[in-house]
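A closer look at the structure
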Amino acid sequence: TPIPRTLQMALSGIRELSLIATPPVDRLAIRTYVSPFDPVTIREALLRERFRGGQSFVVVPRIADLDGIEEFLREDVPEVRFVVAHGQMPPRELEDIMTAFYEGKYDVLVSTTIIESGLDIPTANTLIIYRADRFGLAQLYQLRGRVGRSKVRAYAYLTTPNQFQITKQAEQRLRVLSSLDTLGAGFTLASHDLDIRGGGNLLGDEQSGQIRDVGVELYQSMLEEAVAELKSDSGGEEERYSPQINTGVSVLIPDTYVSDLDVRLSLYRRLADLSEEMDREEFAAELIDRFGKLPEEVKHLLMVMRIKADCLTASIEKVDAGPKGLIITFRNAAFGNPAALVELISRYPNSFKMRPDHKLVIKGIWPEPEQRLSAAAKWTREIAGLLTVA
């Protein structure tokens, strides 16, 4: 069933996705036609179904439209027996009408969308939808599924008004439905509906989350990481993490430097994917070439990205820098080359200290945030280099 939000959740990995592409034996695809409401065509369709011993549905979008269809059937198709059903009828009366139609006492059932799900009448194989432009793609797909439920060829006529032109989106919905009349086309139809309607209002004012601030692409990336982590029982957490660098400096691309928000977001995304020092240098050169001299905030940002790369190399989870020193927290309280780390600590006995909780303390006097950032860059690079020591 084409429900865009459900499909979007399946594509994101939140929900499982399975496709049933094999129809029942001898099941035939429904022939679908989209055209303005033509009394002659509708009369022929209803009479053809009656003469081959079948039944028909005529569906309208509103209860107010029922009277016009009743009048049309009485005047233009007097040969058929029809009955009317809608959701405002008493339950007992509605049940009697549906039972009588199921037993074949009527040729045509004129109704609102109450028949769109849960109805299985094998003898009903012609569907007329009045004002199909007022229905959503999911509704039209469900309604079309009410016919063609046996080995007989079924027909669906989606009619539009003659008096005025339908909206562009309604025309797109009808064109998609008429083009996808093969069996098992539900997933493809859902994909088209996702394109037309979108995956839900993620950025509206009524949303209470942070998606509007972080952007849809970053949200999707975070969502994929979270889903992968849950599916692997936290296995992904061991492979990927983001070191925390706390130095007190301002790290960002200011809007006075790059005014366009979309461009700034794309620059952040590109920078996050750069793992090599050469790539970051080329990125900085590109910024200078496109936007001019680098502001201090951007220089700090580039340095923080370099520190993060060294932290990933050295399995450092967190770096806290203050006026009187650094505290380095190793991931899982372990380091790849403990002997080299011990030797480094012994070389600076007055400055280096390993705490009982396996956090490394580096003493220093760095009153300014820029000094702390430089110290963090220096010592994380030094510690990362210990892993290359033979």
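Numbering of residues begins from 1 in every chain and follows the order in which that chain's sequence is written. Totals for whole chains, interfaces and linings use all residues, but because this is a predicted model, local features are given only for residues with pLDDT of at least 70 and pairs of side-chain atoms are given and counted only at 80 or more. Only heavy atoms go into the side-chain values, all of them from the structure, while hydrogens and water stay out.

Secondary structure elements are defined from DSSP: runs of H or I of at least 4 residues count as helices, runs of E of at least 2 residues count as strands, and each element is numbered from the N terminus. What the protein chain contains, in helices and strands, is 15 helices and eleven strands. Per-residue burial for the protein chain yields a buried fraction of 41% across its 390 residues. Per-residue and other accessible areas were derived by the Shrake-Rupley procedure at a 1.4 Å probe size, with only the shown protein chains allowed to occlude residues. Surface summary for the protein chain: the accessible area is close to 21,800 Å², and the carbon and sulfur share equals 51%. Exposed residues in this analysis have more than 50% of their type's maximum accessible area, buried residues have under 20%, and partly exposed residues fall in between, with area computed by a 1.4 Å probe over protein chains only.

Moving on, we get to helix α14 (residues 338–347). Among all positions of α14, only Ala 340, Leu 341, Leu 344 and Ile 345 are buried. Down the axis of α14, the smallest arc covering the buried residues is 140°, so these residues share one side. In this structure, α14 carries Ala 339 and Val 342 as exposed residues pointing more than 90 degrees from its buried face. Here, residues are in contact when the closest pair of their heavy atoms is within 4.5 Å. On its buried face, α14 is in contact with β9 (325–330), β10 (352–354), β11 (359–363) and α15 (369–385). Relevant arc is that of directions from the helix axis to the C-beta atoms, nothing else.

What follows is about the packing of helix α2 (residues 39–51) against helix α3 (residues 66–76). Each pair of packed helices can be described by the angle between their axes along with the distance between the axes. Running from N to C, α2 and α3 point in directions that differ by 75°, and their axes come no closer than 11 Å. Classified by the angle between their axes, α2 and α3 sit roughly perpendicular to one another. Residues Pro 39, Ile 42, Arg 43 and Leu 46 of α2 form the contact with α3, whose participating residues are Phe 72, Leu 73 and Asp 76. Think of it as three bins: nonpolar holds Ala, Val, Leu, Ile, Met, Phe, Trp, Tyr, Cys and Pro, charged holds Asp, Glu, Lys and Arg, and polar takes everything else, Gly as well. Across the contact of α2 with α3, the residue classes tally to five nonpolar, no polar and two charged. The convention used is that axes are lines fitted to C-alpha atoms, helices contributing only their stretch in contact, and that angles between N-to-C directions extend from 0 to 180 degrees. Any angle between 65 and 115 degrees counts as roughly perpendicular, while under 35 counts as roughly parallel, over 145 as roughly antiparallel, and the rest as oblique.

Before going further, it helps to spend a moment on the side chain of Arg 144. Examined against the element boundaries, Arg 144 turns out to sit in helix α5 (residues 137–144). Owing to a relative accessible area of 5%, Arg 144 belongs among the buried residues under this scheme. Polar side-chain contacts of Arg 144 include one of 2.9 Å to the side chain of Thr 32. In protein, a polar contact means a hydrogen-donor-capable atom and an acceptor-capable atom, both N or O and within 3.5 Å, with residues adjacent in sequence counting only if both atoms are side-chain atoms; elsewhere, any N or O pair within 3.5 Å suffices. A distance of 3.2 Å separates the side chain of Arg 144 from the backbone oxygen of Leu 177, its partner in a polar contact.

Here, nonpolar core refers to any group of buried Ala, Val, Leu, Ile, Met, Phe, Trp, Tyr and Cys residues whose side-chain atoms link them within 4.5 Å. Formed by 33 residues in total, the largest nonpolar core has its most connected members in Phe 57, Leu 109, Leu 127 and Ile 129. Those elements that place two or more of their residues in this core are β2 (55–59), β3 (82–85), α4 (91–102), β5 (124–129), α5, β6 (155–160) and α6 (168–179). By size, the runner-up hydrophobic cluster in this structure holds 29 residues, among which are Phe 335, Ala 375, Trp 379 and Ile 383.

Attention shifts here to the packing of helix α12 (residues 277–291) against helix α13 (residues 296–314). At their nearest, the axes of α12 and α13 sit 11 Å apart, and the two run at 170° to each other. Between α12 and α13, the angle falls in the class roughly antiparallel. Touching Glu 277, Arg 280, Phe 283, Ala 284 and Leu 287 of α12 are Val 298, Leu 302, Met 305, Arg 306 and Ala 309, all from α13. By residue class, the composition of the contact of α12 with α13 is seven nonpolar, no polar and three charged.

Let us now look at the packing of aromatic side chains. Classification of ring pairs rests on two measures: the distance between centres of Phe, Tyr or Trp rings, Trp counted by its six-membered ring, which must be within 6.5 Å, and the angle between planes, read as stacked under 30 degrees, edge-to-face over 60 and tilted in between. A complete count under the given rule lists nine aromatic pairs for this structure. Ring geometry for Tyr 33 and Tyr 157: centres 5.4 Å apart, planes at 25°, overall stacked. One end of the pair, Tyr 33, is in strand β1 (residues 31–36); the other, Tyr 157, is in strand β6, and 124 residues separate them in sequence. Ring centres 5.5 Å apart and planes at 80° place the aromatic pair Tyr 348 and Trp 379 in the edge-to-face group.

Glancing now at the sheet that holds β5. On the basis of which strands lie adjacent, the open sheet formed by six strands has the order β1-β6-β5-β2-β4-β3 and parallel pairing. What marks the edges here is a single partner per strand, and that holds for β1 and β3. Between one strand axis and the next, the sheet turns by 20° as a mean value, whatever way the strands run. The pairing of β3 with strand β4 (residues 108–111) spans four bridges and is classified as parallel. Paired with Ala 85 across the bridge in β4 is Ser 111. Helix-sheet contacts for α2 involve β2, β4, β5 and β6, and the interaxial angle to β5 is about 165°. Note on pairing: two strands pair once DSSP finds at least 2 bridges between them.

By definition, a salt bridge exists where a carboxyl oxygen of Asp or Glu is found within 4 Å of a side-chain nitrogen of Lys or Arg. This model, assessed by the stated rule, comprises 21 salt bridges. When the shortest N-O distance is used, the salt bridge between Asp 26 and Lys 151 registers 3.6 Å. Separated by 125 residues along the polypeptide, Asp 26 in the loop between α1 (4–12) and β1 and Lys 151 in the loop between α5 and β6 bring together distant segments of the chain. Arg 131 is paired through a salt bridge with Asp 133; the nearest N and O atoms lie 3.0 Å apart. A residue is classified by how much of its surface remains accessible, and Arg 131, at 10% relative accessible area, is buried. Judged by its relative accessible area of 11%, Asp 133 is buried. Each of Glu 277, Arg 280, Asp 310 and Arg 381 takes part in one network of salt bridges that share partners.

pLDDT expresses, on a scale from 0 to 100, how confident the predictor is about each individual residue. Of the residues in the protein chain, 84% reach a pLDDT of 70 or more, and the chain-wide mean stands at 85. Mean pLDDT across the elements of the protein chain ranges from a minimum in helix α10 (residues 235–239), with 47, to a maximum in β2, with 97.

Turning next to the side chain of Gln 55. Within the secondary structure, Gln 55 sits in strand β2. A distance of 2.7 Å separates a polar side-chain atom of Gln 55 from the backbone oxygen of Phe 101. A distance of 2.5 Å separates the side chain of Gln 55 from the side chain of Thr 123, its partner in a polar contact. In contact with Gln 55, not counting residues within four places along its chain, are Glu 49, Phe 101, Gly 104, Tyr 106, Asp 107, Ile 121, Thr 123, Ala 124, Asn 125 and Thr 126.

So, on to α2. Because each turn of an α-helix spans 3.6 residues, side chains separated by three or four positions end up pointing in the same direction. Multiplying 1.5 Å by the residue count of a helix minus one yields the expected span of that helix. Its 13 residues place the ends of α2 18 Å apart at the C-alpha level, agreeing with the 18 Å of an ideal helix rising 1.5 Å per residue. Of the positions making up α2, those classed as buried are Ile 42, Ala 45, Leu 46, Leu 47 and Glu 49. Tucked inside the fold, the buried residues of α2 contact β2, α3, β4, β5 and β6. Following α2 by one or two positions, Gly 53 adopts a phi angle in the positive range, close to 85°.

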